[in-house]
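Notes for the structure review
Given next are the chains, with one letter for each unit.
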Amino acid sequence: MNIYLLAVGNKMPDWVNKGYHDYAKRLTADCQLKLIEIAPSKRGKNADLARIKKAEGEKILTAIPKGCFVMALEVTGKSWSTEKLAQQMNAWLHGGQDIALLIGGPEGLSDACVARADITWSLSPLTLPHPLVRVLLSEQLYRAYSILKNHPYHR
């Protein structure tokens, strides 16, 4: 199974890349985490943020690999414990379907992305910086996977 992390933003700080890749490489061949970076639109002083959000949403939708179960990361989505995430991951692994996780830009995901999603998921009611979400998400996916594999990482 592949889990695709589609995230608006590129040119991340080194600590973000290191953190994300550290957890992503811990996953094995039966569950791989793959990052698809979506180039952010240029934001200026008088930028039309609604138009930018829509344009970034279109880029995300175009980049979703075919046949994926799509999850939009939204503050208003369902929140799960790590154990619940592990149960979900187990179902995904046995279902044989790839997963696409959508992370919007600073203005969030477009309405079209949320509408396309099969489910919305909230990591936290807090507003998190998008670079940090990559690291947090990769760690939680690895933690859930370690639960499934009875690895001592999750204690």
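This section reports on the structure supplied with the text.

Scoring rules and cut-offs
- Residues numbered from 1 in each chain as written.
- Predicted model: local features only at pLDDT ≥ 70, side-chain atom pairs only at ≥ 80, totals over all residues.
- Heavy atoms only, no water.
- Helix = DSSP H or I, 4+ residues; strand = E, 2+ residues; numbered from the N terminus.
- Buried < 20%, exposed > 50% of the residue type's maximum accessible area, 1.4 Å probe, protein only.
- Contact = heavy atoms within 4.5 Å.
- Expected span 1.5 Å × (residues − 1).
- Arc of directions from axis to C-beta.
- 1 Å grid on protein atoms, 1.4 Å probe; cavity = no way out; pocket = protein on both sides within 12 Å on 5 of 7 lines; lining within 4 Å.
- Points joined across faces, edges and corners; volume = space filled by probe spheres on them.

Comments concerning the side chain of Asn2
If you trace the backbone, Asn2 turns up in strand E1 (residues 2-8). For Asn2, a relative accessible area of 17% corresponds to the buried category. Look past the residues within four positions of Asn2 in its chain and what remains in contact with it is Gln32, Lys34, Asp98 and Ile99.

Observations regarding helix H3 (residues 82-95)
For an α-helix, 3.6 residues make a turn, and residues three or four places apart therefore share a direction. Along its 14 residues, H3 runs 20 Å from first to last C-alpha, staying within 8% of the 20 Å computed at 1.5 Å per residue. Taken together, the buried positions of H3 are occupied by Thr82, Leu85, Ala86, Met89 and Trp92. One side of H3 holds all its buried residues, which, seen down the axis, span an arc of 120°. Set apart from the buried face of H3 by more than 90 degrees, the exposed residues are Gln87, His94 and Gly95. In this structure, the buried side of H3 is in contact with E1, strand E3 (69-79), strand E4 (99-103), strand E5 (119-122) and helix H5 (130-148).

Let's talk about the layout of surface pockets
Quantified by volume, the largest pocket comes out at close to 390 Å³. In terms of lining, the largest pocket is formed by 20 residues, of which the most central are Leu73, Glu74, Val75, Leu128 and His130. Of all the secondary-structure elements, those providing two or more residues to the lining of the largest pocket are E3, E4, E5 and H5.

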